[in-house]
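# Commentary on secondary and tertiary structure
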Amino acid sequence: MSTTTKSAASAEFLWIPLGAGQRVVRISGKAFEAVTALWHRRSRCDLYHAALIITVPEGRYTVEMTPIPDGRGTERGVVAEGPVGLRALGQFRLFRYEIRRWRGGTIPNADEAVSTTILSVDQSFAQRLLDLLPGVPTAVWGRDELHAGEMWNSNSVVAWLLARANFDMTTLHPPAGGRAPGWNSGLVVAARTRDPEHQHVRTGR
C-alpha cells in the first residue's frame, strides 16, 4: 500500500511508559511486573502503553482507552465503554473505562513516548481504523473474559484495532527490554473476526 502525505492521511503509533505522569499507576505497574516476573522466573521488564493518532482530511483523532473522568463523553469522541475489574461493578462510573475517537483530542504524556512510529497507510486505511473503533470489544478491563490468554486493557484495544484492519502486526513490538501486557489478547481476539478482503500494510519511519 502506498504512503500518502501526512497532511492527507497518517497514523502515528506511540509506546508510552506505563504510568507516565501518574505516580500511582507507575508504582502499581511496577509492583504488578515484579510479581509477574517472579511467578514466571524471568527478569523484570519496563511496561508500556500503546496509543494511536490518526489523521484524515477531516481532522486529527486520538485513539485511547482511559478512565471516565465525567459524563461529557461526547465531547471526547467516546465510542464505547466497558467495566473495570468486575462486570457487576460497571454500573459505577469509577469502575468503567471509555474508548475515545477524539477529533482534535490529546493523549496525556504523549511527549514522554519512547517510540513513535509513522505507519505507512493511505486515506482509506486510516478511515477504516476510525470506522472500526465503535465495534471494539468492551471486555472487562484487567481480566481475561474473552479467553485470549491475557488480560484485556488499553493495549488490547490498539492491537485489536490494527490487527482487525489487517495491519502487518509483525512490525510492531515494545521497545527493547519492555513488554505491553494485554497486547497479545487484542491480537487473538482480532484473529477470530479478521476481514480477508483488506490487504496488509507495513510500517515506515
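The following paragraphs examine the structure supplied in this document. This is a predicted model, so every value here is computed, not measured.

For the chain, the count of helices and strands is 4 helices and 7 strands. If you list the helices and strands of the chain from N to C, you get β-α-β-β-β-β-β-α-α-β-α. Looking at the chain as a whole, 47% of its 205 residues qualify as buried. Long-range pairs, those at least 24 residues apart, make up 78% of the contacts in the chain with a sequence separation of at least 6. When the accessible surface of the chain is summed, it comes to about 10,600 Å², and 54% of that surface belongs to carbon and sulfur atoms.

Once that is clear, we can look at the pairing of strand β6 (residues 115-119). Only one face of β6 is covered, namely the one carrying Ser 115, Thr 117 and Leu 119; the face carrying Thr 116 and Ile 118 has none of its residues buried. Both strand β1 (residues 10-17) and β6 contribute to a ladder of 5 bridges, which runs antiparallel. Paired with Ala 11 across the strands is Leu 119, a residue of β6.

What follows covers the packing of helix α3 (residues 154-164) against helix α4 (residues 183-191). Close contact between α3 and α4 brings their axes to 7 Å; oriented N to C, the two are set at 35°. The two elements α3 and α4 cross, and the hand of that crossing is right-handed. Contact with α3, carried on its side by Asn 155, Ser 156, Val 158, Ala 159, Trp 160, Ala 163 and Arg 164, involves Trp 183, Ser 185, Gly 186, Leu 187, Val 189 and Ala 190 of α4 and no other residues of that element. Residue composition of the contact of α3 with α4, by class: 8 nonpolar, 4 polar and 1 charged.

Attention now goes to the nonpolar core. By size, the foremost hydrophobic cluster in this structure holds 42 residues, and its most contacted members are Phe 13, Leu 52, Leu 119, Trp 152, Leu 162 and Trp 183. Those elements giving two or more residues to this core turn out to be β1, β2 (46-56), β3 (59-67), β5 (96-103), α2 (123-132), α3 and α4. The dominant element in this core, judged by the number of residues it contributes, is α3, at 7 residues. Those residues in contact with Phe 13, other than ones at most four positions away along the chain, are Ala 50, Ala 51, Leu 52, Ser 115, Thr 116, Thr 117, Leu 119, Val 158, Leu 162, Leu 172 and Trp 183.

Rules used throughout
Residues numbered from 1 in each chain as written. Predicted model: local features only at pLDDT ≥ 70, side-chain atom pairs only at ≥ 80, totals over all residues. Heavy atoms only, no water. Helix = DSSP H or I, 4+ residues; strand = E, 2+ residues; numbered from the N terminus. Buried < 20%, exposed > 50% of the residue type's maximum accessible area, 1.4 Å probe, protein only. Contact = heavy atoms within 4.5 Å. Areas by Shrake-Rupley, 256 points an atom, 1.4 Å probe, with all protein chains shown as cover. Pairing = 2+ DSSP bridges. Axes fitted to C-alpha atoms, helices over the stretch in contact; angles between N-to-C directions. Left-handed = near helix turned anticlockwise from the far one by under 90°. Nonpolar A, V, L, I, M, F, W, Y, C, P; charged D, E, K, R; others polar. Core = buried A, V, L, I, M, F, W, Y, C linked by side-chain atoms within 4.5 Å.

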